[in-house]
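So you can see what is in the structure, the chains are spelled out below.
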Amino acid sequence: MDCSVRARIRNPCRPASHLAGDGRRRLAAYRLSSRPVALAAAAAAETKTGPSGASFIRHHLKSLAPYQPILPFEVLSAKLGRKPEDIIKLDANENPYGPPPEVANALGNLKFPYVYPDPESRHLRAALADDSGLESEYILAGCGADELIDLIMRCVLEPGDKIVDCPPTFTMYEFDASVNGALVIKVPRHPDFSLDVAQIIKVIEQEKPKCIFLTSPNNPDGSVINDDDLLKILDLPILVVLDEAYIEFSSLQTRMSWVKKHDNLIVLRTFSKRAGLAGLRVGYGAFPLSIIEYIWRAKQPYNVSVAAEVSACAALQNPTYLERVKNLLVQERERLYNLLNEVPFLKPFPSHSNFILCEVTSGKDAKKIKEDLAKMGVMIRHYDRKEMKGYIRISVGKPEHTDALMKGLKALQL
Ligand SMILES: Cc1ncc(COP(=O)(O)O)c(C=O)c1O
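What counts as what
- Residues numbered from 1 in each chain as written.
- Predicted model: local features only at pLDDT ≥ 70, side-chain atom pairs only at ≥ 80, totals over all residues.
- Heavy atoms only, no water.
- Helix = DSSP H or I, 4+ residues; strand = E, 2+ residues; numbered from the N terminus.
- Buried < 20%, exposed > 50% of the residue type's maximum accessible area, 1.4 Å probe, protein only.
- Contact = heavy atoms within 4.5 Å.
- Areas by Shrake-Rupley, 256 points an atom, 1.4 Å probe, with all protein chains shown as cover.
- Pairing = 2+ DSSP bridges.
- Axes fitted to C-alpha atoms, helices over the stretch in contact; angles between N-to-C directions.
- Core = buried A, V, L, I, M, F, W, Y, C linked by side-chain atoms within 4.5 Å.
- Phe/Tyr/Trp six-rings, centres within 6.5 Å; stacked < 30°, edge-to-face > 60°.
- Parallel < 35°, antiparallel > 145°, perpendicular 65-115°, else oblique.
- Nonpolar A, V, L, I, M, F, W, Y, C, P; charged D, E, K, R; others polar.
- Salt bridge = Lys/Arg side-chain N within 4 Å of Asp/Glu carboxyl O.
- pLDDT = per-residue confidence, 0-100.
- Left-handed = near helix turned anticlockwise from the far one by under 90°.
- Patch = residues over 30% accessible without salt bridge, like charges linked within 9 Å, V, L, I, M, F, W, Y side chains within 5 Å.

### Focus on the overall build of the protein chain
Turning to step 1, where the next piece is worked out: Looking only at helices and strands, one finds 14 helices and 14 strands in the protein chain.
Turning to step 2, where the next piece is worked out: Looking at the protein chain as a whole, 53% of its 414 residues qualify as buried.
Turning to step 3, where the next piece is worked out: Here the contacts in the protein chain between residues at least 6 apart in sequence split such that 73% fall between residues at least 24 apart.
Turning to step 4, where the next piece is worked out: When the accessible surface of the protein chain is summed, it comes to about 19200 Å², and 55% of that surface belongs to carbon and sulfur atoms.

### Focus on helix 11 (residues 306-316)
Turning to step 1, where the next piece is worked out: Along helix 11, 8 of the 11 residues are buried, which leaves the element largely enclosed by surrounding structure.
Turning to step 2, where the next piece is worked out: Along helix 11, the residues classified as buried are A308, E309, S311, A312, C313, A314, A315 and L316.
Turning to step 3, where the next piece is worked out: Buried residues belonging to helix 11 abut helix 4 (101-108), helix 5 (122-132) and helix 12 (319-341).

### As for the sheet that holds strand 11 (residues 355-360)
Turning to step 1, where the next piece is worked out: Within the open sheet, the 4 strands sit side by side as 10-11-14-13. Their pairing is antiparallel. Looking along the sheet, the strands with just one partner apiece sit at the ends: strand 10 (346-348) and strand 13 (381-382).
Turning to step 2, where the next piece is worked out: Along the sheet, helix 12 contacts strand 10, strand 11 and strand 14 (391-395); its crossing angle with strand 11, the most-contacted strand, is approximately 10°.

### A word on the side chain of H401
Turning to step 1, where the next piece is worked out: Residue position: H401 is located in helix 14 (residues 399-413).
Turning to step 2, where the next piece is worked out: Contacts of H401, omitting those with residues within four sequence positions, involve I88, L90 and P96.

### Here we look at the pairing of strand 3 (residues 139-142)
Turning to step 1, where the next piece is worked out: Across the two faces of strand 3 the burial is the same, with I139 and A141 and L140 and G142 all buried.
Turning to step 2, where the next piece is worked out: In this structure, strand 3 lies alongside strand 9 (residues 283-286), joined through 4 bridges in antiparallel fashion. Bridged to I139 within strand 9 is A286.

### Examining the environment of R333
Turning to step 1, where the next piece is worked out: Within the element layout of this structure, R333 appears in helix 12.
Turning to step 2, where the next piece is worked out: Apart from residues no more than four positions distant in its own chain, R333 is found in contact with F249, S351, H352, S353, I356 and V396.

### Brief notes about the nonpolar core
Turning to step 1, where the next piece is worked out: The biggest cluster of nonpolar side chains holds 74 residues, and the ones touching the most others in it are L214, F271, L340, L405 and L409.
Turning to step 2, where the next piece is worked out: Setting aside residues up to four positions removed in sequence, L340 forms contacts with L346, P348, I356, C358, I394, L405, M406 and L409.

### What to know about the packing of aromatic side chains
Turning to step 1, where the next piece is worked out: A full pass over the atoms with the stated rule returns 9 aromatic pairs.
Turning to step 2, where the next piece is worked out: On the basis of an interplanar angle of 80° and a centroid distance of 5.1 Å, the ring pair of F193 and F349 is categorised as edge-to-face. Linking F193 in the loop between strand 5 (183-186) and helix 8 (197-207) with F349 in the loop between strand 10 and strand 11, this pair joins segments that are 156 residues apart in sequence.
Turning to step 3, where the next piece is worked out: Classification of F193 as buried rests on a relative accessible area of 4%.
Turning to step 4, where the next piece is worked out: Of the residues examined, F349 reaches a relative accessible area of 12% and is grouped as buried.
Turning to step 5, where the next piece is worked out: Both rings, one in F193 and one in Y391, keep their centres 6.2 Å apart while their planes meet at 80°; by these two values the pair is edge-to-face.

### Things to note about the packing of helix 12 against helix 14
Turning to step 1, where the next piece is worked out: At a closest axis distance of 10 Å, the pairing of helix 12 and helix 14 adopts a crossing angle of 10°. Viewed along their axes, helix 12 and helix 14 adopt a mutual orientation that is roughly parallel. Mapping the contact onto sequence places E332, R335, L336, L339 and L340 in helix 12 and P399, T402, D403, L405, M406 and L409 in helix 14.
Turning to step 2, where the next piece is worked out: Here the residues of the contact of helix 12 with helix 14 are counted per class, giving 7 nonpolar, 1 polar and 3 charged.

### Considerations on the pattern of salt bridges
Turning to step 1, where the next piece is worked out: Taken as a whole and assessed by the stated rule, the structure comprises 21 salt bridges.
Turning to step 2, where the next piece is worked out: The salt bridge partner of R122 is E120, with a shortest N-O separation of 3.8 Å.
Turning to step 3, where the next piece is worked out: A relative accessible area of 48% means that R122 is categorised as partly exposed.
Turning to step 4, where the next piece is worked out: Owing to a relative accessible area of 36%, E120 belongs among the partly exposed residues under this scheme.
Turning to step 5, where the next piece is worked out: Across the pair E135 and K260 runs a salt bridge whose closest N-O atoms are separated by 2.9 Å. Of this pair, E135 sits in the loop between helix 5 and strand 3 while K260 is found in the loop between strand 7 (239-243) and strand 8 (265-270), placing the two residues 125 residues apart along the sequence.
Turning to step 6, where the next piece is worked out: The exposure class assigned to E135 is partly exposed, which follows from its relative accessible area of 33%.

### Looking at the confidence of the model for the protein chain
Turning to step 1, where the next piece is worked out: Within the protein chain, residue pLDDT values average 90, and 88% of them lie at 70 or more.
Turning to step 2, where the next piece is worked out: In this model, residues 1-5 is a region of pLDDT below 50 whose contacts with residues beyond four sequence positions or in other chains number 8 contacts.
Turning to step 3, where the next piece is worked out: Between residues 23-34, whose pLDDT stays under 50, and residues either more than four places distant or in other chains, the model counts 29 contacts.

### Some points on the packing of helix 4 against helix 11
For any two helices packed against each other, one specifies the crossing angle of their axes together with the interaxial distance.
Turning to step 1, where the next piece is worked out: Orientation of helix 4 relative to helix 11, taken along the N-to-C sense of each, is 145°, at an axis distance of 8 Å. Viewed along their axes, helix 4 and helix 11 form a crossing whose handedness is right-handed. Along its contact with helix 4, which presents E102, V103, A106 and L107, the element helix 11 presents A307, V310, S311, A314 and A315.
Turning to step 2, where the next piece is worked out: Its residues placed into classes, the contact of helix 4 with helix 11 shows 7 nonpolar, 1 polar and 1 charged.

### Quick word on a nonpolar patch on the surface
Turning to step 1, where the next piece is worked out: A cluster of nonpolar side chains, F112, Y114 and V115, forms an exposed patch at the surface whose accessible area comes to about 370 Å².
Turning to step 2, where the next piece is worked out: With respect to the helices and strands, the residue V115 is situated in the loop between helix 4 and helix 5.
Turning to step 3, where the next piece is worked out: On the basis of relative accessible area, V115 is assigned to the partly exposed category, the value being 42%.

Printed below as a string of structure tokens:
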């Protein structure tokens with residue numbers, strides 16, 4: 001390997017860092033949290049004969065780092081001594097307006113919850129074709145975009161294959177790569193969080209990775225990828241997975257239709273942010289026909305539940321609501337940005353998404369800010385991983401959430 005390459009390759013057999021990307025990331029790791037490990041150790045001590053259960057686990061998974069579980073809402077509420085409705089959740093980029101009323105109606109009227117769902121999510125894919133303008137044969141739905149990230153990796157990566165990751169970004173790419181036994185080549189972003197395209201090109205030429213994950217708008221900073229940069233990368237012999245989980249909050253059009261022209265492009269989207277359905281778990285992807293055929297073969301047949309499909313279809317029946325909520329969040333993002341800009345110890349970054357990243361300045365401690373705000377019932381996200389140490393991320397909420405946050409931040413200045 002060329003050591004001049006400013007990229008780092010992470011071996012999945014070495015312990016991962018402990019940063020949780022967001023709520024989902026930490027939740028995914030819950031199964032690996034210390035409690036089950038402690039129970040397993042106790043059980044192993046009692047078993048005197050035969051191999052230990054851990055000996056059956058795949059080698060590369062044994063060194064996956066345990067993650068801190070995210071606290072479920074009720075547990076958080078008990079911990080903070082506040083009712084769940086009195087907690088302002090600005091830590092996981094959820095949509096506080098929730099889905100349109102059609103969703104609750106549809107869920108209340110489920111006729112056949114005892115029958116397995118349609119493995120092809122036909123109703124949903126037809127509705128998505130109407131919504132996006134891309135024919136349904138290019139579209140496949142999943143249990144959140146998260147499932148599709150893992151599914152793509154399972155279909156594409158042989159153990160030992162390489163992927164390119166551009167941190168800071170959504171940490172599920174790195175996590176899923178580790179689970180799938182792949183190597184992660186990191187091409188860090190520039191200080192303004194834009195992609196280092198020259199370095200990406202160099203790494204692709206030298207290391208021959210199989211795929212690259214790009215996020216537009218990017219989580220955690222909200223920057224977007226322009227057409228020129230994307231086209232340059234698409235010209236290379238690599239599969240490009242473009243994650244558009246937050247695209248609705250930007251002024252960009254989705255690139256879903258590009259999959260018709262580019263056989264090496266997959267575009268991922270979700271109902272979690274735009275439609276306020278994070279708890280129901282619905283995501284979808286646009287795939288070239290030459291790829292989607294294999295994704296269909298590998299996916300779990302019932303990956304989208306009846307409740308999830310019905311909810312997503314119901315949400316799409318009310319585009320006026322979806323548009324109104326998006327506009328409210330975009331408007332509030334601008335107000336929040338201006339207010340954060342006035343806080344003497346924060347430097348906010350302009351965002352095209354439903355969150356704002358801030359650098360914590362003036363010697364203040366990001367973790368302490370998060371903890372102090374939590375005591376006031378306002379949850380935000382802080383980072384302690386090396387490249388993001390000293391940053392916090394705040395999801396855009398309703399105007400009253402911004403007001404409560406600002407009151408809390410003001411109290412911290414005194
Ligand atoms: C960039 C990005 N992609 C995908 C997801 C996951 O989306 P879903 O809820 O559909 O699994 C998230 C969630 O926070 C995200 O930040």
